[in-house]
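Spelled out from the first residue to the last, the chains are:
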Amino acid sequence: MAAMKHVIVTGAGGGIGSALVGDLREDGYVVTGIDASVESSERLRDRFPGVTAFHADVTQSSEVDRAVEQAMDAHGVPHGLVNLAGDNRLKPLEDITDNDWHHLVEANLSSAFYLCRAVMPRMREAGGGRVINTSSIFGVRGVNNDAAYAAAKAGVVGLTRALATEFGPAQVTVNAIAPVVVLTERVKKMPKEHLDKQLSTIPLGRFSTERDVNATIQFLLSDGGSFYTGQTFSPNGGDTMP
Ligand SMILES: NC(=O)c1ccc[n+]([C@@H]2O[C@H](COP(=O)([O-])OP(=O)(O)OC[C@H]3O[C@@H](n4cnc5c(N)ncnc54)[C@H](O)[C@@H]3O)[C@@H](O)[C@H]2O)c1
């Protein structure tokens, strides 16, 4: 019997991340979840008995390196890395503080860089792998009151393209996903006017579900996803048509 494939998921305790852990386990993957706190790791283990969960602040490269080593000690070099950890703070430009800017760049962009740096060379040594980084529709098109987040998420697309070029010859693929609004608990707290405005631009007339996003990730991890790299996949109901 073939060994079960290992996938590392960051932001695994979040709305999309925790749904993904369940979906990947149903697909037969061994999943290591990484999230910010001891409590979030415990919640993940309670919800998915047997799942491997480590806590790490993914904005700290030393914590990322430690968690990745723990994950590889437990289950070997991963087939997949899914970088879902991220955060957002909606504010008009003049209200974005230096702290907001640095926090959002660290949480959304530096975190993906640290994870890619810790994992991708090991995938190369192992003969290949799949990396999925999380951008956003707001990193692809314009949006009001979200400049720092949008800039960080656009940076994720650039990081993805550069690494796809660098690691393609080693059969390590790197793609970005750029979801439209998913009503996770964090997003439900956003102002109604903001959400109504986002809904009005989606031809299919509804927000995304976690399942819509995860189906894209599952495809990219599957055999069928092997010839895609450097791309940005946007499950967005037609919001943006490049
Ligand atoms: N929900 C949406 O509408 C939407 C749309 C487009 C993109 N995204 C992106 O998808 C990802 C997941 O979104 P979500 O709605 O599930 O968010 P969420 O807040 O429910 O989950 C994010 C998870 O990341 C973790 N996290 C945040 N910072 C961290 C850090 N420094 N170290 C470790 N863990 C950290 C949080 O603890 C949380 O469990 C994010 O990157 C987000 O930007 C979400």
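Residues numbered from 1 in each chain as written. Predicted model: local features only at pLDDT ≥ 70, side-chain atom pairs only at ≥ 80, totals over all residues. Heavy atoms only, no water.

### Brief notes about the pairing of strand β1 (residues 6-10)
Phase 1: With five of five residues buried, β1 is to be regarded as a mostly interior element.
Phase 2: In β1, alternate side chains face the same way, and those of His6, Ile8 and Thr10 on one face and Val7 and Val9 on the other are all buried.
Phase 3: As defined by bridge partners, β1 adjoins strand β2 (residues 30-35) across five bridges and the pair is classed as parallel. Counterpart to Thr10 in the pairing with β2 is Ile34.
Phase 4: Between the parallel pair β1 and β2, the chain is carried across by helix α1 (residues 15-26), and the sense of this crossover is right-handed. (Buried < 20%, exposed > 50% of the residue type's maximum accessible area, 1.4 Å probe, protein only. Helix = DSSP H or I, 4+ residues; strand = E, 2+ residues; numbered from the N terminus. Pairing = 2+ DSSP bridges. Right-handed = clockwise from strand over helix to strand, strands pointing away.)

### Structural notes on the site of the ligand
Phase 1: In the region of the ligand, 27 residues are neighbours, and Gly15, Asp35, Tyr149, Val182 and Thr184 sit closest.
Phase 2: Between Tyr149 and the ligand, the recorded distance is 2.7 Å, taken from a side-chain N or O atom to an oxygen atom.
Phase 3: Contacts to the ligand include Thr184, whose side-chain N or O atom sits 2.7 Å from an oxygen atom.
Phase 4: Secondary-structure elements contributing two or more residues to the shell around the ligand are α1, α5 (147-167) and α6 (185-188). (Near = heavy atom within 4 Å. Polar contact = N/O pair within 3.5 Å; in protein donor to acceptor, adjacent residues only side chain to side chain.)

### Here's the deal with the UniProt feature "domain: Ketoreductase" (unreviewed entry) in the chain
Phase 1: Summarizing the sequence annotation, UniProt attributes the feature "domain: Ketoreductase" (unreviewed entry) to residues 5-180 in the numbering used throughout.
Phase 2: Here residues 5-180 is 49% helix and 18% strand, with 29 Å between the C-alpha atoms at its ends. (UniProt positions renumbered as here; feature names shortened; annotations may be inferred.)

### Here we look at helix α2 (residues 38-47)
Phase 1: When we look at burial in α2, the residues that qualify are Ser40, Ser41 and Leu44. Burial along α2 is one-sided: seen end-on, the buried residues are contained in an arc of 100°. Exposed and facing more than 90 degrees away from the buried side of α2 are Arg43 and Asp46.
Phase 2: Of the surrounding elements, those touching the buried residues of α2 are α1, β2 and β3 (52-55). (Arc of directions from axis to C-beta. Contact = heavy atoms within 4.5 Å.)

### Topic: the packing of aromatic side chains
Phase 1: The full count for this structure, using the stated rule, is four aromatic pairs.
Phase 2: Between Phe219 and Tyr228 the ring centres are 5.4 Å apart and the planes differ by 70°, which places this aromatic pair in the edge-to-face class.
Phase 3: A relative accessible area of 32% places Phe219 in the partly exposed class.
Phase 4: The class of Tyr228 is partly exposed, set by a relative accessible area of 34%. (Phe/Tyr/Trp six-rings, centres within 6.5 Å; stacked < 30°, edge-to-face > 60°.)

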